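Here are the chains, one letter per residue:
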Amino acid sequence: MVDFELDAAQDAWLAEVRAFLTENVTPALRSELAEHGQELPDREVAAFRRRIGERGWFGLNWPSEYGGLGLGAVYQHLLMREFEYWGVPGPDLTVTSVAPMIMRHGTEQNKLEFLPPIARGELICAVGYSEPEAGTDLASLRTRAVQDGDEWVITGSKIWNSVANRATHEWLCVRTDPSAARHRGISVVMVPMNLPGIEIRPLYAWSGYRTNEVFFDAVRVPVGNLIGELNRGWTYITGALDLERGALTNAGDLRRALDDLTELAGRPRRDGSVPLQIAGFRRRLAQAEADVEAAMLMGYQAASLLESGVIPTVDVSVEKVFSSELRQRIADLAIDLLGPDGLLEYRSPGAPEDGKFERLYRVSPLMRFGGGTNEVLRDVIAQRGHGMPSYGR
Amino acid sequence: MLSALFAAECPISLVRELRDADPRSMPARLWKSLADAGVFGLLLPQEYGGAGGALSDLGIFCLEAGRGLCPTIVHGTVQAALAIQLLGGPDQHAAWLPSLADGKISATTCLWGPRNAAVTTPTLRVRAEAWGGWRLSGAVDFVADADLADHVVVSAAAPGERVMAFVVPLAAAGLWIDPLRLMGGHRTFRIGFDDVEVIDPAAVLDGADGAGLAEQDLRRVANAAVALLSLDLVGVGEAVLQRTVDYTMARKQFGRPIASFQAAQHLVANMHIALAAARLAAHSAVFCIGKGHTATRQTAIGRMHAATAAKLITLDAHQLHGGMGYVVETDLHLFSERARVLSTLGGGADVAATWLEDEA
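The structure displayed is predicted, hence computed values, not measured ones.

What counts, and at which threshold
Residues numbered from 1 in each chain as written. Chains lettered and ligands numbered in written order. Predicted model: local features only at pLDDT ≥ 70, side-chain atom pairs only at ≥ 80, totals over all residues. Helix = DSSP H or I, 4+ residues; strand = E, 2+ residues; numbered from the N terminus. Rg over C-alpha atoms; globule rule 2.2 N^0.38 Å. Buried ≥ 20, exposed ≤ 12 C-beta atoms within 10 Å, placed from the backbone. Contact = placed C-beta atoms within 7 Å. Pairing = 2+ DSSP bridges. Core = buried A, V, L, I, M, F, W, Y, C linked by C-beta atoms within 7 Å. Nonpolar A, V, L, I, M, F, W, Y, C, P; charged D, E, K, R; others polar. Domains from an automatic or database assignment. Arc of directions from axis to C-beta. Axes fitted to C-alpha atoms, helices over the stretch in contact; angles between N-to-C directions. Parallel < 35°, antiparallel > 145°, perpendicular 65-115°, else oblique. Left-handed = near helix turned anticlockwise from the far one by under 90°. pLDDT = per-residue confidence, 0-100.

Draft legend 1. Spatial organisation of the overall build of chain A. Scanning chain A for helices and strands turns up 13 helices and seven strands. The C-alpha radius of gyration computed for chain A amounts to 22 Å, which stays within 12% of the reference 21 Å derived for 393 residues, consistent with globular compactness. Seen along its three principal axes, the alpha-carbon backbone of chain A occupies a region of about 75 × 50 × 45 Å. A total of 393 residues make up chain A; the buried ones form 47% of that total. Counted over contacts in chain A with a minimum sequence separation of 6, partners at least 24 positions apart contribute 68%.

As structure tokens, then:
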């Protein structure tokens, strides 16, 4: 059973995180985030990241033997929820997904080499799973690694590598045994981004964010950069995807969006009318309030389960589907509620909350298909949650 | 014929240019093709160079306009002609309809609330001058394409609750425009009137007896515009449904087209169902208005279904396209933006539901 109340230590932790954010989320950081998104080599963002690293917060739920603080998953969840609420970058997939996989499955050399710099915030991974022809059907990936002496030679391409342009490494999923069945010939290799033969091409999303396509042309990596055992990669990354889902969906951003929207609903629009005076909007805000609360509870529950050592596959699928669809409903409600004011473009003069909801409408499709499509996750819920038969995907 | 015209003269490159260029210019080639095809005079009386067609004919055009992402300055010009036709007398018709019918001038309209098209109370004020002219003052928000249009047809309140409308050149002295840039580069503007002078009696729309415009007539013009734009939304939905089906047939995962998965088929079926309701309801509204009715009930129902369908279809299309529809180079977002913008201006499903409540 989930404990619905934080204990005194967790309360104190939340207060510590909030104090850190109050002190370190400066107008300069805010302006750099608004100005560049995640695009440019960062100054304030990099400094902010270093300060998180100095506190050990990137490894906060790692065992102390790997430089971690040894705190539970609930602590991680509370921190990430708070960072999401503030709208600032916190622990990313490197910390929440890659590092735990290294701890669970990596060789001793992997752990010593990669975990300490991740904990310091110096090693940032782009997650190289999807390929143009291998999206939802990830096991059909074709990027190959062939051993040549004491090196892997990697050729292929990856897509939707959102942080590739500022990552130090690529956490790369490759085919190492072309003769094996689809899932069995896959391995994971850590590839430094500064090697010859790597080309990064930007792709721009409807949200305005940059993502990338990354090309590998006979890129040579030491054999020791193989993570764990050869041809065991599928097991590692499916576990990582569950962790990714749990980490990606903590509903902190939804709580913030609804708080901001509720505040805006009480203010006059350009034509002088006030949305909160309209019963239909009060009703829809109340529904959104109930939904955000449920999403928060789901995130908290997933963290509690993780803390007890379970990878809560079905629960994080539930949470991911629920919160991604809720995000889209809130974005839609926001523009309905604000009317034409809500259409005013992000960062254009006069836009309410700087056009945050106009952008949210464009951001919101992403998480319905990203990180495992909601259709596949509904299969997971029915099949793994209830033992219903697979229809043979 | 219209779809071929849009395919040839309204390529995505033109849509993008109008979306991104700043400042932008009139889509001259497309405009001329539409004028040559008789689109601007479709509805107007033959004596003024029009084809004397029915509002339903214009509805068919609007549906194709949505499919083809037609620039909204075309809609604005058609709406302005419709407003002058319905609100003006012989002098106003003779002065404006011939040049509107053959596409010599372009226009935009501001005769209803941008948030709620049922609000026909003007925000501008007008006063009569001793010398016989009029002066307009105040400001209006969210007027589409004021950077491109030659004229704006705008209503104003005269003393004694009299509502009048005026055809004002956007280059008039004392008139200023400020951009209100919307999602997807859709351009609307705040237009200010600092004692803008109207001298020409042919530019004044003042009702049959010269005692002001009847609310019912203004509402009919607003309803016509809303219903026609609902058909534009249906066109957006049709185009996106087709693109989505095509994509899912071509995209293979797990060794088969993703179109063969039941989850994908059900999303497509839901799009189809929403579109069927929207198409019927919007056509029905345009038909009723064309028959001379105000048709608020039908207009509301058409808008509720069209706004809901266009948003559902575009957002679920993103779901079925995945990353391939989310990157801007694949153009899907152009439809999604149009769906969200046109289903908001004048009122979406929430607002249109209140029109229905008021009818009951």
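Draft legend 2. Expanded view of the overall build of chain B. Across its full length, chain B holds 12 helices and 10 strands. What you see for chain B is a C-alpha radius of gyration of 21 Å, in line with the 21 Å of a compact globule of 360 residues. When the backbone C-alpha atoms are referred to their principal axes, chain B occupies close to 80 × 45 × 35 Å. Expressed as a percentage of its 360 residues, the buried residues of chain B come to 56%.

Draft legend 3. Structural view of the pairing of strand β7 (residues 210-222) of chain A. All names here are of chain A. With eight bridges joining them, strand β3 (residues 151-159) and β7 adopt antiparallel strand pairing. From the neighbouring strand, W152 faces β7, where its bridge partner is V221. Sheet analysis places strand β6 (residues 198-204) next to β7, joined by seven bridges and oriented antiparallel. For I200, the partnering residue across the bridge sits in β7 and is V214. Joining the antiparallel neighbours β6 and β7 is a turn of five residues, in which G208 adopts a positive phi near 95 degrees.

Draft legend 4. The arrangement of the nonpolar core in detail. Counting 225 residues, the largest nonpolar core has V189 of chain A together with V152 and F166 of chain B as the members making the most contacts within it. The dominant element in this core, judged by the number of residues it contributes, is helix α7 (residues 215-250) of chain B, at 17 residues. In this structure V189 of chain A touches A145, W152, I154, L172, V174, V221, N225, L226 and I227 of chain A, once residues within four positions along its chain are discounted.

Draft legend 5. A look at the interface of chain B and chain A. Chain B puts 28 residues into the contact, and the matching count from chain A is 33 residues. Taken together, the elements giving at least two residues each to the side of chain B that touches chain A come down to β3 (134-144), β6 (175-181), α9 (296-321), α10 (323-326) and α11 (332-342) of chain B. Sorting elements by how many residues they give to the side of chain B that touches chain A places α9 of chain B first, with four residues. Looking at the side of chain B that touches chain A residue by residue, the classes come out as 13 nonpolar, nine polar and six charged.

Draft legend 6. How the structure looks around the domain arrangement of chain A. All names here are of chain A. Along its sequence, chain A is organised into domain 1 (8-91), domain 2 (126-231) and domain 3 (249-386). Each of domain 2 and domain 3 was reduced to a C-alpha centroid, and the two centroids are 32 Å apart. For the side of domain 2 that touches domain 3, the class distribution of residues is one nonpolar, three polar and no charged.

Draft legend 7. Structural view of the environment of V163 of chain A. Note on placement: V163 of chain A falls in the loop between β3 and β4 (169-175). Distance from V163 of chain A to L338 of chain A, taken between C-alpha atoms, is 33 Å for residues 175 residues apart in sequence.

Draft legend 8. Expanded view of the pairing of β3 of chain B. Residue and element names in this part refer to chain B. Bridge count between strand β2 (residues 124-128) and β3: four bridges; the pairing is antiparallel. The partner of V126 across the bridge, within β3, is L136. Here β2 hands over to β3 after five residues, with G132 in that stretch at a positive phi of 105 degrees. Where β3 lies against strand β7 (residues 187-198), eight bridges are found, and the strand directions are antiparallel. By the bridge assignment for β7, R135 is matched with E197.

Draft legend 9. Up close: α11 of chain B. For α11 of chain B, the buried fraction is high: 11 of the 11 residues fall into the buried class. Looking at α11 of chain B, one finds that the buried residues are L332, H333, L334, F335, S336, E337, R338, A339, R340, V341 and L342 of chain B. Buried residues in α11 of chain B make contact with α10 (313-338) and α11 (356-363) of chain A together with α2 (12-20), α7, α9 and α10 of chain B.

Draft legend 10. Structural context of helix α12 (residues 349-359) of chain B. Residues and elements named next belong to chain B. Buried within α12 we find V351, A352 and W355. What you see down the axis of α12 is that its buried residues fit within an arc of 100 degrees, all on one side. Where the residues of α12 are buried, they touch α9.

Draft legend 11. Spotlight on the domain arrangement of chain B. Residues and elements named next belong to chain B. When the domains of chain B are assigned, the result is domain 1 (2-105), domain 2 (108-213) and domain 3 (216-359). Domain 1 and domain 2 are separated by 20 Å when their C-alpha centres are compared. Tallying the contact residues gives 20 residues for domain 1 and 20 residues for domain 2. Taken together, the elements giving at least two residues each to the side of domain 1 that touches domain 2 come down to α2, α5 (72-87) and α6 (90-101). Tallying contributions element by element places α5 first for the side of domain 1 that touches domain 2, with eight residues. The residue inventory of the side of domain 1 that touches domain 2, partitioned by class, reads 10 nonpolar, six polar and four charged.

Draft legend 12. The arrangement of the environment of Y85 of chain A in detail. Residues and elements named next belong to chain A. Residue position: Y85 is located in helix α4 (residues 73-86). Exposure remark for Y85: the 19 C-beta atoms within 10 Å place this residue in the partly exposed category. A C-alpha to C-alpha distance of 27 Å links Y85 and L203, two positions 118 residues apart in sequence. The residues touching Y85, leaving out its near neighbours within four places in the chain, are G252, R255 and R256.

Draft legend 13. Spotlight on the packing of α4 of chain A against helix α9 (residues 279-307) of chain A. Residues and elements named next belong to chain A. Running from N to C, α4 and α9 cross one another at 150 degrees; their axes reach a closest spacing of 7 Å. In terms of orientation, α4 lies roughly antiparallel with respect to α9. Facing A73, V74, Q76, H77 and R81 of α4, the residues of α9 in contact are G299, Y300, A303, S304, L306 and E307. A per-class count over the contact of α4 with α9 returns five nonpolar, four polar and two charged.

Draft legend 14. Main features of the packing of helix α5 (residues 93-105) of chain A against helix α6 (residues 108-120) of chain A. Residue and element names in this part refer to chain A. Viewed as axis vectors pointing N to C, α5 and α6 meet at an angle of 160 degrees, and their least axial separation amounts to 10 Å. Considered as vectors, α5 and α6 are oriented roughly antiparallel to each other. For α5 against α6, the interelement crossing comes out left-handed. Listed contacts from α6 to T94, V95, A99, I102 and M103 of α5 are N110, K111, F114, L115 and I118. Considered class by class, the residues forming the contact of α5 with α6 number seven nonpolar, two polar and one charged.

Draft legend 15. Representation of the confidence of the model for chain B. The share of residues in chain B with pLDDT of 70 or more is 100%, and the mean pLDDT across the chain is 96. The ipTM value of the predicted complex is 0.96, and its pTM value is 0.96.

Draft legend 16. Examining the environment of D195 of chain B more closely. Residue and element names in this part refer to chain B. Within the secondary structure, D195 is located in strand β7. C-alpha separation for the pair D195 and V126, spaced 69 residues apart in sequence, amounts to 8.6 Å. In this structure D195 touches R135, S137 and G174, once residues within four positions along its chain are discounted.

Draft legend 17. Examining unusual backbone geometry more closely. All names here are of chain B. The omega torsion across D22 and P23 is 0 degrees, close enough to zero to call that bond cis. Inspection of the secondary structure assignment puts P23 in the loop between α2 and α3 (28-36). The backbone of L69 sits at a positive phi, close to 55 degrees, despite the residue not being glycine. Within the element layout of this structure, L69 appears in the loop between α4 (55-67) and α5. Among the residues examined, L69 registers 25 C-beta atoms within 10 Å and is labelled buried.

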